[in-house]
Amino acid sequence: MVSMKDIAKACNVSVATVSKALNDQSDIGEQTRLFIKKTAKEMGYFPNAQARALRTNRSYNIGVLFVDEGQSGLTHDYFAKVLDTFKMEVEEHGYDLTFINCSKKNRSRYSYLDHSRYRGFDGIVIACIDFNDPEVTELVNSDIPIVTIDYVFNNISSVVSNNFTGMQMLTDYVVKHGHRKIAYICGNNNAVTQRRLAAFYKVLEDNNISIPEEYVVNASYRNMEEAQARTDELLESEDRPTCILYCDDYSAIGGMNSIRAHGLRIPEDISIAGYDGVAFATLLEPRITTIKQDTDEIGRKAANKLISLIERPKTTIAEQITVEGKLEEGMTVASI
């Protein structure tokens, strides 16, 4: 294995100079720094991770705590894209990512916090998990720098999509197209659902629109079968809605299947809208009206905030960062 001493000998400089060059310190000449780094690369030198950790008091490893309630894992379009951008951003700063073992069966001896301390994570990003889990609470109350995505803890930095404004835009768009009988298949009860529901009811209230209680029903996120079943019930009710909003674009597909099975046309007979703005939604016929979430911006801001918490803890404050979505009009909402 090539050592810094070997590089120093090859370059005819001191080991201290080699160390400064490889760590991009500013108190050596640029030409010397580039020459040493080039020589080190040609000699096949790789820095020792353990030695770097001892020297910098960092592991340059970030933990990811991610459990999708729908068990779709990293095929979950929204979170997969957020984490992909997060990964690219932290890697640009020299950090690696490690997923925290979330299997209760295989980690019976370790809590999330124990596992994180064992791995020596410099920081942790948390997304799409049961935030009421006592192990999650224990983790966020620790001294490890943490950023959450789409969930707000007191005194913990978070990056959230503006679900209230997004749902407000979507519902307002439907109302402006003349709809008054608007149903909403809103997803399981969680913080995101609560914010979207509040926005939905606010727009209805502002426009003096009253809807039957049975117009608002739950179905699991990204579950086409449940969304199709709930749509069946709405279409077969005596007072059928003219428009149905869905908690995500996958659920909207389930709704489309139900609508077509009932011999109805979209949007001529009934209008629909989804949420998230996943790529395939633009390929469907008709193209789904939806709210496109800015996954790149969410992932980028989460990464930069966490790195700042790790590298500049004395000057970085905990804060909630909100990222706006955008209305994609699509072709599934008719004017009536």
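Look above for the structure.
This report concerns the structure included in the present document. (Residues numbered from 1 in each chain as written. Predicted model: local features only at pLDDT ≥ 70, side-chain atom pairs only at ≥ 80, totals over all residues. Heavy atoms only, no water.)

**Observations regarding the sheet that holds strand β7 (residues 216–217)**
Spatial ordering of the open sheet is given by β7-β6-β8-β9, a layout of four strands whose pairing is parallel. Of all the strands in the sheet, just β7 and β9 (271–273) have a single pairing partner and so form its edges. Pairing of strand β8 (residues 243–246) with β9 involves three bridges; the strand directions are parallel. Within the sheet, the bridge partner assigned to Ile-244 lies in β9 and is Ile-272. The sheet contacts of helix α11 (residues 249–261) involve β8 and β9, and relative to β8 the element is tilted by about 150°. (Pairing = 2+ DSSP bridges. Helix = DSSP H or I, 4+ residues; strand = E, 2+ residues; numbered from the N terminus. Contact = heavy atoms within 4.5 Å. Axes fitted to C-alpha atoms, helices over the stretch in contact; angles between N-to-C directions.)

**As for the nonpolar core**
Looking at soluble globular proteins, one finds that nonpolar side chains tend to be buried together. With 44 residues, the main nonpolar core has Met-167, Tyr-184, Phe-200, Ile-244, Leu-245, Tyr-246 and Ile-259 as its most contacted residues. If you list the elements that add at least two residues to this core, you get α8 (163–176), β6 (182–185), α9 (191–206), β7, α10 (224–235), β8, α11 and β9. Apart from the residues within four sequence positions on either side, Met-167 is in contact with Tyr-184, Arg-196, Ala-199, Phe-200, Leu-245 and Tyr-275. Counting residues in each nonpolar core, the second largest holds 26 residues, with Val-147, Ala-302, Ala-303 and Leu-309 among its members. (Core = buried A, V, L, I, M, F, W, Y, C linked by side-chain atoms within 4.5 Å. Buried < 20%, exposed > 50% of the residue type's maximum accessible area, 1.4 Å probe, protein only.)

Honestly, it's all geometry; don't read function into it.
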